[in-house]
Amino acid sequence: MKNRNANYIVGILLGILSLQVLFFMNVSSITADETMWIPAGYTYWKTGEFGMNPTHPPLTALIETAPLLFLNPTLPTEEESFKKLNIEHFGIDFLYRYNNNLDQIVFFSRIPVLILSLILGYFVYSWARKLYGINAGLFALFLYSFNPTVISQSGIAITDLGVSFFVFISAYFFWNFLSKRDLSSLVKTGILTGCAMISKVSGIFLIPIYLIYYLTINRSRKFLYSILGITGIAFLTMNAGYWFQFQPLSEVILNPVRYQGLLNLLPDNEIRNFAAFVIDRVPLPLTNYLKGIFIQTGPDALRGDYAYLLGEHRNFGGFRHYYIVGFLLKEPVSLILFLIISLIYFKKISSNKTNEVILLVPILVWFIFFSFNHLNAGMRHVLPAYPFIFVFLSKIVNLKGERIMSILIILGIIYSGSSLAITPNHHMYFNELAGGPNNGYKYFYGFEDIGQNMKGLKKYIDENEIQEIKLAKAGYWIPFEAQYRGIEYQKLQCEPSTGIIAIGVDKLIYAKGDPPGCYEWIKEHEPIEKIGYSIFIYNITKAG
């Protein structure tokens, strides 16, 4: 295929991706993490301080909220929520009380995420093309552009697409460095690695990934020094991302017990006193980053949160097989078959060992880490592995034979059709193995219902001229969102009730904020409508 024709196809595929994402951005309401991430990012720009939402580093929030500098929304700096760095209350103040253009703020904050996704898609195409040829490049981009998980994360202003962008492009330039061994590629890799690390805490996985490359590709001392150089540039970039702020370490150690525990690791009193002096008095770089690490590795984070898989509930601890099962239920069956075909014919169509290792290691690192992590909170946490998966399996288009080509074409048509059919509700996509979006929530819960369909609920109420409705929906911001949309409702109680009832799928799976089993009674009834597959509408005429 000629380059000119390939460029046209690339443009078409990225255009289709854009249309799917823009459709979602236009019809959806603000989602759970956006209620914290958008206000925090705007605060970073206006104050230069990064304490409002320290759980994750600030780069993606800064990128996403840069357009807000042109809107110039009001920042409620006099509120207690701002002074006390209470992100949930501050988010309510910023989004619902001090500004009256919520949808505009959210839409503008989502645009940079879409742009990052389009650039990432182009790099997926470019890398696959360089490894396996132009047809493989186009196939990799096709898989990316129609993937429900990718699309669902390309239109919301949170951390996952941003870190996926920087992780993949860092690995791409690392691969370039392996072939060129030039200073320019090394510096680019270091800068992008630093950006990945200040996009989300999991970006730090790049450092052990580089060390695995060292152990499996090239164990020379010179190569190790190159990795150390990349790491040094990355840490310098991280400091620049925090605007070279220095603080004593004591300001970020949240738990006094942990503070004392650190000191107790030291052998004698003199060393402990010196360490205490350093922790309390000496300004150090990246202390806000360390604060995020402390939060992510604290007791509450390590024990995990609520998890649901294959009909089993767990309050803490999670499931080791959560992300593998999630992949099998949340990804199109065609993608799973593509992956199986690529493994069957791996020896026949693979590139050299180095190229395959570069692609496979990030996939394995993300899935293995989160399989042993207690955080079972949706496939977005392994999103950085997805671009590598698309490039890895793109080589199957190089297989010879009319039969295999026919199979790939049929699977490709089914793959794209499944994505287009679910638009704009990609968050709620489940494949045929899970019974589709109508039934998938019964087997896997990955926080698909994140409040995105409150606009849709308002539209349904207006179109059906509903005067009274009872609502059960998880989320501290939901009462304010409902008020902003003009949705007047009664809170649904645990006792069987009658009338028009709207209940989020999150409440059907687990009654967060309510007694366990609170809404079991409603499962005896059939919904009359499903708004975006995430809010079920019932018309119950007889209780009990």
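Relevant structure appears above.
Summary of the structure given here.

The rules behind each value
Residues numbered from 1 in each chain as written. Predicted model: local features only at pLDDT ≥ 70, side-chain atom pairs only at ≥ 80, totals over all residues. Heavy atoms only, no water. Helix = DSSP H or I, 4+ residues; strand = E, 2+ residues; numbered from the N terminus. Buried < 20%, exposed > 50% of the residue type's maximum accessible area, 1.4 Å probe, protein only. Disulfide = S-S within 2.5 Å. Pairing = 2+ DSSP bridges. Core = buried A, V, L, I, M, F, W, Y, C linked by side-chain atoms within 4.5 Å. Contact = heavy atoms within 4.5 Å. Axes fitted to C-alpha atoms, helices over the stretch in contact; angles between N-to-C directions. Parallel < 35°, antiparallel > 145°, perpendicular 65-115°, else oblique. Left-handed = near helix turned anticlockwise from the far one by under 90°. Nonpolar A, V, L, I, M, F, W, Y, C, P; charged D, E, K, R; others polar. Phe/Tyr/Trp six-rings, centres within 6.5 Å; stacked < 30°, edge-to-face > 60°. Salt bridge = Lys/Arg side-chain N within 4 Å of Asp/Glu carboxyl O. Patch = residues over 30% accessible without salt bridge, like charges linked within 9 Å, V, L, I, M, F, W, Y side chains within 5 Å. Areas by Shrake-Rupley, 256 points an atom, 1.4 Å probe, with all protein chains shown as cover. Polar contact = N/O pair within 3.5 Å; in protein donor to acceptor, adjacent residues only side chain to side chain.

## Some points on the side chain of N53
For N53, the location among the structural elements is in the loop between α2 (34-47) and α3 (59-65). A relative accessible area of 11% places N53 in the buried class.

## Brief notes about the state of the cysteines
A complete count under the given rule lists one disulfide for this structure. Between the sulfur atoms of C494 and its disulfide partner C518 the distance amounts to 1.9 Å. Note on the C494 and C518 pair: the S-S dihedral is about -105°, so by sign convention the disulfide is left-handed. Of the two residues, C494 is situated in the loop between β6 (490-491) and β7 (499-504) and C518 in the loop between α26 (505-509) and β8 (529-531); the sequence distance between them amounts to 24 residues. Judged by its relative accessible area of 4%, C518 is buried.

## Examining the sheet that holds β6
Reading across the sheet, the five strands line up as β6-β5-β7-β9-β8 and stay open at both edges, with mixed pairing between neighbours. The open sheet has two free edges, formed respectively by β6 and β8, since each of these has just one partner strand. Relative to β7, strand β5 (residues 470-472) is paired through three bridges, and the arrangement is parallel. In the sheet register, A472 faces β7, and the bridge partner there is I503.

## With respect to the nonpolar core
If you look at the biggest cluster of nonpolar residues, it comprises 153 residues, and the most contacted ones within it are W127, L143, Y144, F174, F367, F390 and L457. Once residues within four sequence positions are removed from consideration, W127 is found in contact with F168, A171, Y172, W175, I358, L359 and F388. Listed in part, the 20 residues of the second largest apolar core include I509, C518, I522 and I540.

## Let's talk about the packing of helix α10 (residues 160-180) against helix α21 (residues 353-372)
One can describe the packing of α10 onto α21 by two numbers: an axis separation of 11 Å at closest approach and a directional angle of 155°. One element, α10, and the other, α21, form an angle in the roughly antiparallel class. As for how α10 packs across α21, the hand of that crossing is right-handed. Here V167, A171, F174, W175 and L178 of α10 lie close against α21, whose contacting residues are T354, N355, I358 and W366. When grouped by side-chain class, the residues that make up the contact of α10 with α21 number seven nonpolar, two polar and no charged.

## Considerations on the packing of aromatic side chains
Considering all chains together, one arrives at 44 aromatic pairs under this definition. For the pair F123 and F173, a centre-to-centre distance of 6.3 Å together with 55° between the ring planes defines the contact as tilted. Residue F123 is found in helix α7 (residues 102-132), and its partner F173 is found in helix α10; the two are separated by 50 residues along the sequence. Both rings, one in F142 and one in Y415, keep their centres 5.7 Å apart while their planes meet at 50°; by these two values the pair is tilted.

## Some details on the pattern of salt bridges
If you walk through the whole model with that rule in mind, you get 15 salt bridges. The residue K395 makes a salt bridge to E356 at a minimum N-O spacing of 3.4 Å. With K395 in the loop between α22 (386-393) and α23 (402-422) and E356 in helix α21, this pair connects stretches of sequence that are 39 residues apart. For E356, a relative accessible area of 3% puts it in the buried group. Taking the shortest distance from any N to any O, the salt bridge between E481 and R485 comes out at 2.6 Å. A residue pair is termed a helical-turn pair when its members lie 3 or 4 positions apart in one helix, as E481 and R485 do in helix α25 (residues 478-485) at four residues. Judged by its relative accessible area of 0%, E481 is buried.

## Remarks on helix α18 (residues 322-330)
With seven of nine residues buried, α18 is to be regarded as a mostly interior element. Every buried residue belonging to α18 is among Y322, Y323, V325, G326, F327, L329 and K330, and all of these are buried. Those residues of α18 that are buried lie in contact with β3 (307-309), α19 (333-344), α21 and α22.

## So, a nonpolar patch on the surface
Nonpolar side chains collect at one region of the surface, where W45, L69, F70 and W243 lie side by side and expose about 450 Å² of accessible area between them. By the secondary structure assignment, W243 is in the loop between α13 (221-241) and β1 (246-248).

## Quick notes on the pairing of strand β9 (residues 535-540)
The buried count for β9 comes to five of six residues, which makes it a mostly enclosed element. Relative to β9, β7 runs antiparallel, the two being bridged by six bridges. Looking at β9, one finds that G499 is bridged to I540. Pairing of β8 with β9 involves three bridges; the strand directions are antiparallel. Following the sheet pairing, E529 is matched in β9 by I537. Where β8 folds back on β9, the antiparallel hairpin that results is connected by three residues, among which G532 adopts a positive phi of roughly 60°.

## Some points on the side chain of H426
Within the fold, H426 resides in the loop between α23 and α24 (454-463). At a separation of 3.4 Å, a polar atom in the side chain of H426 contacts the side chain of Q20. Excluding anything up to four places from it in sequence, H426 contacts Q20, P148, I151, S152 and S419.

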